[in-house]
Amino acid sequence: IPNKKEGYKPTIDSIFKAKKNKIKKEIISQPSYEIFGLDDVNSKNVDLSLEEMINYYEKNYHKIKLESCDFENSIYETPKCPLNITKEVKNDVMINSRNNKVLNELSEESKSKIVIIYGKNHLDGIKKGMLTSGFIEVNSVVK
């Protein structure tokens with residue numbers, strides 16, 4: 001479950017610590033919102049929750065079936081079960097589905113000035129979606 005201070009990194013780290021999976025190295029915690037002058041009044045989090053990502057995975061791929069080895073550790077320890085997830089599936093769940101959530105929120109937003117703070121791996125997908133939706137690009141910045 002994400003927390004406001006550290007985001008998803010601790011939870012994702014605990015799930016994907018298997019030695020064969022390199023996803024752990026690709027995830028970093030985001031800076032605190034306060035650094036950007038953001039708070040609950042002037043901003044909103046439009047990322048998918050962990051539960052929404054799990055639901056997305058199960059809807060588009062298959063139901064997650066826990067094995068007995070899944071219960072041998074806490075969620076915060078290295079899993080004993082092997083993880084079998086392709087890079088394409090990982091990207092769809094962790095990048096594309098979350099990009100689509102941002103793009104859906106943007107399509108419903110009425111404010112004229114919006115700042116999107118997201119990780120580097122999301123940039124191309126969000127930018128492409130914004131351009132497809134009618135936003136225009138000026139000086140390599142989508143407005």
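Our subject is the structure listed above.
Calculation notes
- Residues numbered from 1 in each chain as written.
- Predicted model: local features only at pLDDT ≥ 70, side-chain atom pairs only at ≥ 80, totals over all residues.
- Heavy atoms only, no water.
- Helix = DSSP H or I, 4+ residues; strand = E, 2+ residues; numbered from the N terminus.
- Buried < 20%, exposed > 50% of the residue type's maximum accessible area, 1.4 Å probe, protein only.
- Contact = heavy atoms within 4.5 Å.
- Areas by Shrake-Rupley, 256 points an atom, 1.4 Å probe, with all protein chains shown as cover.
- Expected span 1.5 Å × (residues − 1).
- Bend = angle between axes of the 7 residues up to and from the residue.
- Salt bridge = Lys/Arg side-chain N within 4 Å of Asp/Glu carboxyl O.

Novice: Provide a residue-level description of the overall build of the protein chain, including the pertinent values.
Specialist: Looking only at helices and strands, one finds five helices and two strands in the protein chain. Of the regular secondary structure in the protein chain, the N- to C-terminal order runs α-α-α-α-α-β-β. Taken across its 143 residues, the protein chain has 26% of its residues classed as buried. Of all intrachain contacts in the protein chain linking residues separated by at least 6 positions in sequence, the fraction that spans at least 24 positions is 60%. By element, 54% of the accessible surface of the protein chain is carried by carbon and sulfur atoms, the whole surface being about 10900 Å².

Novice: Break down helix α4 (residues 87-108) for me, citing the residues and quoting the values.
Specialist: The terminal C-alpha atoms of α4, which comprises 22 residues, lie 31 Å apart, in line with the 32 Å expected from a rise of 1.5 Å per residue. Along α4, the sharpest kink reaches roughly 30 degrees, centred on V93.

Novice: So what about the pattern of salt bridges? Which residues, and what values?
Specialist: By the definition in use, this model includes seven salt bridges. With a shortest N-O distance of 3.7 Å, E58 and K63 are connected by a salt bridge. Among the salt bridges present, the one from K80 reaches E72, with a minimum N-O distance of 3.7 Å. When its relative accessible area of 48% is taken as the criterion, E72 is described as partly exposed.

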